[in-house]
Each structure stands twice: as C-alpha cells, then as structure tokens.
Amino acid sequence: MTTPTWFLRRLHALDDRKIDELVDVLIDCVAGGASVSFMHPLTRDRALAFWRRVAQGVAAGERALLVAEDSQGLCGTVQLVLNQPENQPHRADLAKMLVRRRSRRQGLGAALMRAAETTARECGKTLLVLDAVSDGDAARLYERPGWVRVGEIPDYALLPQGGLCGTTVYYRQLGG
Ligand SMILES: CC(C)(COP(=O)(O)OP(=O)(O)OC[C@H]1O[C@@H](n2cnc3c(N)ncnc32)[C@H](O)[C@@H]1OP(=O)(O)O)[C@@H](O)C(=O)NCCC(=O)NCCS
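What you see is a predicted model, and the numbers here were worked out from it, not measured in a lab.

Draft legend 1. Structural context of the overall build of the protein. Within the protein, the regular secondary structure consists of four helices and seven strands. Shown N-terminal to C-terminal, the secondary structure of the protein runs as helices and strands in the order β-α-α-β-β-β-α-β-α-β-β. The globule rule puts the C-alpha radius of gyration for 176 residues at 16 Å, and the 16 Å found for the protein is close to it. Considered along the principal axes of its C-alpha atoms, the protein spans approximately 40 × 40 × 35 Å. In the protein, the share of contacts with a sequence separation of at least 24, taken over all contacts with a separation of at least 6, comes to 61%.

Below is the structure:
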C-alpha cells in the first residue's frame, strides 16, 4: 500500500487564495462531467460566487469544510451542512465531495468520507444524508458498509454537458 501524498484538514475560515483553489477544483470537476449543481462551462465568476457563499457558511459555523492538499495545492474537498431545522439537530448533509481529476483513484475520496464522518461525530451529529448521481463513481464510493441506499429519483438533474441523470439518496447512522 502506498503512503498518501495529501494531507486533510478542516478549515474554519477561507481566505481569497483558498477560495481560488476551491474554484479550480470545482471547475475541474464540472469540466470532467460531474453533476454537482452546475452546467459546463462553469465560469470563474459563478464558481467564485458559490465558494464565497460557502465561506460565509463556514465562518458562521453552519458548514464544516474539509480540504485535501498535496504538493501541487488543493486537490479535494467535502462539506457537511451542519445547520439543519430545529427538529433535526442530530443530522448533517454531506455535500460537494470533489476530487481533482489528477488526484483520483488513489483513495482520496474514501479518505475524505472517513474524515467527514469523524468531523460529523465531533460536531455531535448521528445521522448523515447525501445524494449522488446514480451509478457513477461517487455512488460506488458511497455504497460502502454503513451507508444505506434509500432509493433513486429518475431524471433529477442535468449533467453538465446536458442530458438528464437520476440521483440516489443515501444515509448513514453514526452509532457509538
Ligand atoms: C467521486 C469521487 C469523489 C471519487 O474520488 P476518488 O478520490 O477517485 O475516490 P477513491 O480513490 O477513494 O475511489 C475511487 C476508485 O479508485 C479505487 N482506488 C482507490 N485507491 C486506489 C489505488 N491506490 N489504486 C487503484 N485504485 C484505487 C477505489 O477502489 C475506487 O474504485 P471504484 O471506481 O471501483 O469504486 C471523484 O471521482 C470526483 O470528485 N468525481 C467528481 C465529483 C463528483 O461526482 N462528486 C460527487 C458528488 S455527489
């Protein structure tokens, strides 16, 4: 087994440089066909507006943001939406799992999942929910022990280059 070349950490604030690197990751993923709320081509301005909103949520403690960095910079990220309705304080949504194409298939996605679950526990969360494009790379990542497939909503969203895709909803209970 090779030693990971990245390190993971939670960011509690985002400066302009970090936001810029997150913009690069998002644009790279959308250009690669990832269905993550945006259409291709994703302009820098649109990506910047998205990450600035995320930065506000992170600063307010409404979101937990994890990033992975290697010698070339930021290569992966995932978020937990901590701020939930008052009757669901124990839940978080796992969102925007993004790994740059150059860093894929080395275990980084799985490492981000483990780190997100640990962070969720640290935040007192006992239930995680997420959705992912059906039958894609991400769905395989989530279909691991512990994550339960709820079901599929067909024709839920457009792929970045057009064409409808289904989404599959998963949850995980963080026991113990
Ligand atoms: C989904 C995504 C996050 C996965 O990231 P990743 O870093 O490639 O994930 P991993 O490396 O942990 O696992 C991916 C695959 O590589 C394999 N793998 C892991 N380490 C490996 C290694 N050292 N050598 C060879 N293969 C390896 C895994 O077994 C897995 O195999 P699978 O495709 O058969 O399931 C990434 O593809 C991505 O960012 N996609 C675009 C954005 C997206 O769709 N996000 C999800 C939104 S819901």
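Draft legend 2. Representation of the packing of aromatic side chains within the structure. A complete count under the given rule lists four aromatic pairs for this structure. Here Y142 and W147 contribute two aromatic rings whose centre-to-centre distance is 6.4 Å and whose plane-to-plane angle is 45°, an arrangement assigned as tilted. For the pair shown, Y142 and W147 are each scored as buried. Of the aromatic side chains, those joined through ring pairs into one cluster are F38, F50 and W51.

Draft legend 3. Representation of the nonpolar core. Among the nonpolar cores identified, the biggest contains 29 residues, and L80, L94, M113, L130 and Y142 are the most heavily contacted of them. Elements that contribute at least two residues to this core include exactly β2 (63–70), β3 (73–81), β4 (91–99), α3 (108–122), β5 (127–133) and α4 (137–142). When neighbours within four sequence positions are excluded, L94 is seen to be in contact with V78, Q79, L80, M113, A116, V129, L130, Y142 and W147. Ranked by size, the runner-up nonpolar core spans 23 residues in total, among them V25, V36, F38 and F50.

Draft legend 4. Spotlight on the packing of helix α1 (residues 16–31) against helix α2 (residues 44–59). Closest axis-to-axis distance for the α1/α2 pair is 9 Å, and the angle between their directions is 125°. Relative to α2, the element α1 lies oblique. Regarding α1 and α2, the two cross each other, and that crossing is right-handed. Residues I19, D20, L22, V23, D24, L26 and I27 of α1 touch α2, and the partners they reach there are R44, A47, L48, F50, W51, R52 and A55. Grouping the constituent residues of the contact of α1 with α2 by class yields ten nonpolar, no polar and four charged.

Draft legend 5. Quick peek at a nonpolar patch on the surface. Taken together, the side chains of M39, L158 and L164 make up a nonpolar region of the molecular surface, amounting to roughly 270 Å² of accessible area. When you line up the elements, L164 lands in strand β7 (residues 164–173).

Draft legend 6. Local environment of a negative patch on the surface. A surface patch of negative charge is lined by D135, E143, E152 and D155. Inspection of the secondary structure puts D135 in the loop between β5 and α4. By relative accessible area, D135 is classed as exposed at 73%.

Draft legend 7. How the structure looks around the side chain of K125. By the element assignment, K125 lies in the loop between α3 and β5. Here K125 sits buried without a salt bridge, and the closest side chain of opposite charge, D93, lies 9.1 Å off (N-O distance). Polar side-chain contacts of K125 include one of 2.9 Å to the backbone oxygen of R91. Ignoring sequence-local partners within four residues, the contact set of K125 consists of L82, P89, H90, R91, A92, A120 and L174.

Draft legend 8. Molecular detail of the site of the ligand. Lining the immediate surroundings of the ligand are 19 residues, of which M97, V99, R105, G107 and G109 lie closest. Here G109 contributes a backbone N or O atom positioned 2.8 Å from an oxygen atom of the ligand. One of the backbone N or O atoms of A110 is found 2.9 Å from an oxygen atom in the ligand. Protein contacts shield 71% of the accessible area of the ligand, which totals 940 Å² for the unbound molecule. Among the secondary structure elements, those contributing two or more residues to the shell around the ligand are β4, α3, β5 and α4.

Scoring rules and cut-offs
- Residues numbered from 1 in each chain as written.
- Predicted model: local features only at pLDDT ≥ 70, side-chain atom pairs only at ≥ 80, totals over all residues.
- Heavy atoms only, no water.
- Helix = DSSP H or I, 4+ residues; strand = E, 2+ residues; numbered from the N terminus.
- Rg over C-alpha atoms; globule rule 2.2 N^0.38 Å.
- Contact = heavy atoms within 4.5 Å.
- Phe/Tyr/Trp six-rings, centres within 6.5 Å; stacked < 30°, edge-to-face > 60°.
- Buried < 20%, exposed > 50% of the residue type's maximum accessible area, 1.4 Å probe, protein only.
- Core = buried A, V, L, I, M, F, W, Y, C linked by side-chain atoms within 4.5 Å.
- Axes fitted to C-alpha atoms, helices over the stretch in contact; angles between N-to-C directions.
- Parallel < 35°, antiparallel > 145°, perpendicular 65-115°, else oblique.
- Left-handed = near helix turned anticlockwise from the far one by under 90°.
- Nonpolar A, V, L, I, M, F, W, Y, C, P; charged D, E, K, R; others polar.
- Patch = residues over 30% accessible without salt bridge, like charges linked within 9 Å, V, L, I, M, F, W, Y side chains within 5 Å.
- Areas by Shrake-Rupley, 256 points an atom, 1.4 Å probe, with all protein chains shown as cover.
- Salt bridge = Lys/Arg side-chain N within 4 Å of Asp/Glu carboxyl O.
- Lys, Arg positive; Asp, Glu negative; His and termini not counted.
- Charge placed at Lys NZ, Arg CZ, Asp CG, Glu CD.
- Polar contact = N/O pair within 3.5 Å; in protein donor to acceptor, adjacent residues only side chain to side chain.
- Near = heavy atom within 4 Å.

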